[in-house]
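Examination of the molecular architecture
Listed below, chain by chain, are the residues.
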Amino acid sequence: MKNILYESTRGGESGVNASTAILNGLAHDGGLYVPHEIPVLDKTLDELSNMDYKQIANYIMQKFLTDFTASEINECIVKAYDDKFDSNLIAPLISKSDIHFLELFHGPTLAFKDMALTILPHLMKIATHKNGVKEKIVILTATSGDTGKAALEGFADIEGIEIIVFYPQDGVSEIQKKQMTTQTGQNTHVIAIKGNFDDAQNGVKAIYNDKEFNENLFSNGYKLSSANSINIGRLIPQIVYYFSSYIQLCNRKTIKPGENINFVVPTGNFGNILAGFYAKEMGLPINHLICASNENNILYDFFKTGTYDINRKFLTTISPSMDILISSNLERLIYITSGRNSGLTNSYMNNLKRLGCYTLSNDIKEKMLFIHAQYVTEEETMAAIKGVHSKYDYIIDPHTAVAYAAYIKYKAKNVDDTATVILSTASPYKFPKDVLSSINKNIIPNSEFDLIEELSNISNTIVPESIKELMHKPINHNLFCDKLEMKKVVETILKGN
Ligand SMILES: *Cc1c(COP(=O)(O)O)cnc(C)c1O
């Protein structure tokens, strides 16, 4: 197997092995780690079609994580994709006549973040042994709702690791908040910040990039890392379900092996769709990746005009996990499509930091044409939930609805009969109020929890265990801070250990 090493998008690091890249999270020059080449398939799609989710995961992850042994990777996969998932398929594909929903929410926290965050802690633990790291690893995480809980659940009580999550006080759903604040585990810390997701993410990035602070932590026995999708260890496990859904379509005879398909990806930080791009580069026949945004439509404008401009209002929507203005993983796409030009990537990112905007050169923009961007309004999102329910008797969450509505818009503008998979990124049980009020406008609940039973009846699905338990769980975390105090909070938490 070809050895794959990692390099920073900003040019300051290269020749880094996978386990070190996972441990570091972010490169020291502020860039993101990318594989120096994307490994390609050396099996036919026919050969893959006999594999189950775990076998595909083994095949793909061995190609990227070449300083892990096959048995180490398998050990992580077995620990991650077990009966924490309430489907044996791990990511079942639900076909509704002409459209296919890839349900990525069957993990313990009911969102697609589980696809990677059930495995990242195991990879990281092995990475610490491999690299002889004696320090305690501190995972700092900014969350727009789903990452936080998935990371807490994944890292809770993992030895040698401390996990600290910052979430925007008013930027997550009631159920998302309760999932986080009821988290158990000696090593878990949850803090609400007065600010939005970008504030949380910027605060976390600033802490990573503060050399003095890091040196200080290091001399006290701590090393920072990340569970956000800036960590390459998050992205690689996400490539797997692009393959597994393709294979499910082949096995159902919806498509023939080799035939192109489209994916519609409800997008925030650009991690999920970037994993789709990697799958395409590996050789999976993907025609278009449709990048779906909510009213925070910065990516739509970017793909249309080539200009990324954050000088705009941040909007709070019913798809909170996509309420993001700075989509970090776009940097990885720019780096690759610019021919791994770290100088150019650096200058764009500097402009973003200094001026809040940058404009791609035309040749780079043209290399991104396989991505189609669409955005949808709040009304269109709600109409999509209602429409899918009446057309297919199937309930989708608001994030998935953004993707579905974006696809409808795409179809209206383009003649394209390619089989298309919508990535369903969260369970509707995480957002009962917005889901039910989209279907029946008269609902005025006291609490989202009052609506769980009704959602179960309407959707003909059983209430997930984790939601049932949540109603009675005690709150274990009630810290909050200003967005400017995050560094101090980290210090205080680690001192108290
Ligand atoms: C995180 C998240 C997204 C956005 O995914 P990115 O990888 O950040 O683009 C979409 N939907 C849900 C439910 C999420 O939790």
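What comes next concerns the included structure. (Residues numbered from 1 in each chain as written. Predicted model: local features only at pLDDT ≥ 70, side-chain atom pairs only at ≥ 80, totals over all residues. Heavy atoms only, no water.)

1. Notes on the overall build of the protein chain
Looking only at helices and strands, the protein chain features 22 helices and 16 strands. Against the globule reference of 23 Å for 497 residues, the protein chain gives a C-alpha radius of gyration of 21 Å, in line with a compact fold. Every one of the 497 residues in the protein chain was classed for burial, and the buried ones make up 62%. By sequence separation, contacts in the protein chain at least 24 residues apart represent 75% of the contacts at least 6 residues apart. (Helix = DSSP H or I, 4+ residues; strand = E, 2+ residues; numbered from the N terminus. Rg over C-alpha atoms; globule rule 2.2 N^0.38 Å. Buried < 20%, exposed > 50% of the residue type's maximum accessible area, 1.4 Å probe, protein only. Contact = heavy atoms within 4.5 Å.)

2. Remarks on the site of the ligand
Lys113, Asp146, Gly268, Asn269 and Thr425 are the nearest of the 15 residues found near the ligand. Take Lys113: an N or O atom from its side chain is 2.6 Å from an oxygen atom of the ligand. Thr425 is positioned with one of its side-chain polar atoms (N or O) 2.8 Å from a nitrogen atom of the ligand. Surface burial for the ligand is 98%, taken as the share of its 380 Å² of free accessible area covered by protein chains. Cavity membership is defined here by more than half of the atoms lying within 2 Å of grid points; on that basis the ligand lies in the largest cavity. Tallied by class, the residues present in the shell around the ligand amount to five nonpolar, eight polar and two charged. (Near = heavy atom within 4 Å. Polar contact = N/O pair within 3.5 Å; in protein donor to acceptor, adjacent residues only side chain to side chain. Areas by Shrake-Rupley, 256 points an atom, 1.4 Å probe, with all protein chains shown as cover. 1 Å grid on protein atoms, 1.4 Å probe; cavity = no way out; pocket = protein on both sides within 12 Å on 5 of 7 lines; lining within 4 Å. Sits in = over half its atoms within 2 Å of the grid points. Nonpolar A, V, L, I, M, F, W, Y, C, P; charged D, E, K, R; others polar.)

3. What to know about the nonpolar core
Counting 113 residues, the largest nonpolar core has Tyr6, Leu65 and Phe303 as its most contacted members. Ile385, Ala401, Ala406 and Leu455 belong to the second largest nonpolar core, which has 40 residues in total. (Core = buried A, V, L, I, M, F, W, Y, C linked by side-chain atoms within 4.5 Å.)

4. Some points on the environment of Thr182
Its location among the elements puts Thr182 in the loop between helix H8 (174-181) and strand S8 (188-194). Residue Thr182 is classed as buried on the basis of its relative accessible area of 2%. Sequence separation between Thr182 and Lys473 is 291 residues, and the spatial gap between their C-alpha atoms is 6.2 Å. Once residues within four sequence positions are removed from consideration, Thr182 is found in contact with Leu470, Lys473, Pro474, Ile475 and Asn476. At 2.7 Å, the side chain of Thr182 forms a polar contact with the backbone oxygen of Lys178.

5. Comments concerning the sheet that holds strand S2 (residues 16-17)
A sheet is described by the order of its strands in space; here three strands give the open sequence S2-S1-S3, paired in antiparallel fashion. The sheet is open, and its two borders are formed by S2 and strand S3 (33-35), each paired with just one other strand. Sheet topology places strand S1 (residues 5-8) next to S2; two bridges connect them, and they run antiparallel. Paired with Tyr6 across the strands is Val16, a residue of S2. (Pairing = 2+ DSSP bridges.)

6. Here we look at the sheet that holds strand S16 (residues 479-482)
Spatial ordering of the open sheet is given by S9-S6-S7-S8-S16, a layout of five strands whose pairing is parallel. The open sheet has two free edges, formed respectively by strand S9 (222-226) and S16, since each of these has just one partner strand. Between one strand axis and the next, the sheet turns by 30° as a mean value, whatever way the strands run. Pairing analysis gives five bridges linking strand S6 (residues 136-142) to S9, with the strands arranged parallel. Bridged to Leu140 within S9 is Ser226. The sheet strands contacting helix H7 (residues 146-155) are S6, strand S7 (161-168) and S8, and the helix crosses S7 at an angle near 165°. (Axes fitted to C-alpha atoms, helices over the stretch in contact; angles between N-to-C directions.)

7. Topic: empty space enclosed by the protein
According to the stated counting rule, one finds one cavity of 30 Å³ or more in the structure shown. Here the largest cavity is characterised by a volume of approximately 260 Å³. The residue inventory of the lining of the largest cavity, partitioned by class, reads eleven nonpolar, 13 polar and three charged. (Points joined across faces, edges and corners; volume = space filled by probe spheres on them.)

8. Comments concerning the environment of Ala383
Note on placement: Ala383 falls in helix H17 (residues 378-392). For the pair Ala383 and Ala401, spaced 18 residues apart in the sequence, the C-alpha separation amounts to 8.5 Å.

9. Some thoughts on the side chain of Asp114
Looking at the secondary structure, you find Asp114 in helix H5 (residues 114-117). The side chain of Asp114 sits in the buried core without any salt bridge; Lys430 is the nearest counter-charge, 6.6 Å away. Among the polar contacts made by the side chain of Asp114, one reaches the main-chain amide nitrogen of Thr109 at a distance of 2.7 Å. Discounting chain neighbours no more than four positions away, the residues touching Asp114 are Phe85, Gly107, Pro108, Thr109 and Ala150. (Lys, Arg positive; Asp, Glu negative; His and termini not counted. Salt bridge = Lys/Arg side-chain N within 4 Å of Asp/Glu carboxyl O.)

10. Notes on H7
Of all ten residues making up H7, nine are buried, and the element is well covered by its neighbours. Residues of H7 that are buried include every one of Asp146, Thr147, Gly148, Lys149, Ala150, Ala151, Leu152, Gly154 and Phe155, and no others. Backbone geometry just after H7 places Asp157 at a positive phi near 60°.

11. Focus on the layout of surface pockets
Roughly 550 Å³ of internal volume is contained in the largest pocket. Only helix H9 (197-209), helix H14 (330-337) and helix H15 (342-355) provide two or more residues apiece to the lining of the largest pocket. When residues in the lining of the largest pocket are grouped by element, the largest group, five residues, is from H15. Residues of the lining of the largest pocket, tallied by class, amount to eleven nonpolar, eight polar and five charged.

12. Here's the deal with unusual backbone geometry
Phi angles above zero are rare outside glycine, and Ile90 is one such case at about 70°. When you line up the elements, Ile90 lands in the loop between helix H4 (70-80) and strand S4 (93-96). Positive phi, normally seen in glycine, also occurs at Arg340, with a value near 55°. Given the relative accessible area of 26%, Arg340 is considered partly exposed.

13. Some details on the pairing of S7
Burial within S7 is extensive, with eight of its eight residues counted as buried. Taking every second residue as pointing to the same face, both faces of S7 are buried, with Ile161, Ile163, Val165 and Tyr167 on one and Glu162, Ile164, Phe166 and Pro168 on the other. Relative to S7, S6 is paired through six bridges, and the arrangement is parallel. Looking across to S7, one finds that Ile139 is bridged to Ile163. Since S6 and S7 lie parallel, the crossover through H7 that links them has a hand, and here it is right-handed. Crossover handedness for the path S7 to H8 to S8: right-handed. (Right-handed = clockwise from strand over helix to strand, strands pointing away.)

That's the geometry; what it means functionally is another story.
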